[in-house]
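Here are the chains, one letter per residue:
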Amino acid sequence: MATVREFFEDKKGSVSHPTVVDCGYQVVHTSEGVFLQLSTYGSDYRQTQKKTSQTLQLDREHAAQLLRILVATFPDLHSSVIGKLP
């Protein structure tokens, strides 16, 4: 498990990954504050099903940075998500 310290743009080339996994999320309340925890689970081909593979925790500041990255990457996302908020 790791808490995200920094987001930076990685300029190395990449391709779409062939493996598909599930991602669970939790809101974690600690003495340090609230964290959004994202946990990925092994692929369908993993021997142990539904075992956590990797977990990331984001505090408010880093969640805001990720939100800005998401909207910059998918500009139409902002209007489609904001329109569906309760």
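A brief look at the structure comes next. (Residues numbered from 1 in each chain as written. Predicted model: local features only at pLDDT ≥ 70, side-chain atom pairs only at ≥ 80, totals over all residues. Heavy atoms only, no water.)

## Considering the sheet that holds strand 1 (residues 2-3)
As summarised here, the arrangement of the 4 strands in space is 1-4-3-2, forming an open sheet in which the pairing is mixed. On the outer flanks of this sheet lie strand 1 and strand 2 (22-30), each paired with one strand and no other. (Pairing = 2+ DSSP bridges. Helix = DSSP H or I, 4+ residues; strand = E, 2+ residues; numbered from the N terminus.)

## Things to note about the pattern of salt bridges
Applying the stated criterion across every chain yields a total of 2 salt bridges. Lys11 is paired through a salt bridge with Glu9; the nearest N and O atoms lie 3.7 Å apart. Lys11 gets classed as exposed once you look at its relative accessible area, which sits at 70%. The exposed category is assigned to Glu9, whose relative accessible area is 62%. The residue Lys12 makes a salt bridge to Asp10 at a minimum N-O spacing of 3.8 Å. For Lys12, a relative accessible area of 64% gives the class exposed. Asp10 gets classed as partly exposed once you look at its relative accessible area, which sits at 44%. (Salt bridge = Lys/Arg side-chain N within 4 Å of Asp/Glu carboxyl O. Buried < 20%, exposed > 50% of the residue type's maximum accessible area, 1.4 Å probe, protein only.)

## A short note on the side chain of Gln57
Within the secondary structure, Gln57 sits in strand 4 (residues 52-58). Of the residues examined, Gln57 reaches a relative accessible area of 12% and is grouped as buried.

## Brief notes about the side chain of His62
Along the chain, His62 turns up in helix 1 (residues 60-73). By relative accessible area, His62 is classed as buried at 7%. Looking at His62, its side chain comes within polar contact range of the side chain of Asp59, at 2.6 Å. (Polar contact = N/O pair within 3.5 Å; in protein donor to acceptor, adjacent residues only side chain to side chain.)

## Focus on the pairing of strand 4
With 2 bridges joining them, strand 1 and strand 4 adopt parallel strand pairing. In the strand pairing of strand 4, Ala2 is matched with Leu56. Where strand 3 (residues 33-41) meets strand 4, 6 bridges bridge the pair, whose relative direction is antiparallel. From the neighbouring strand, Leu36 faces strand 4, where its bridge partner is Leu58.

Any functional reading would require information that these geometric values do not contain.
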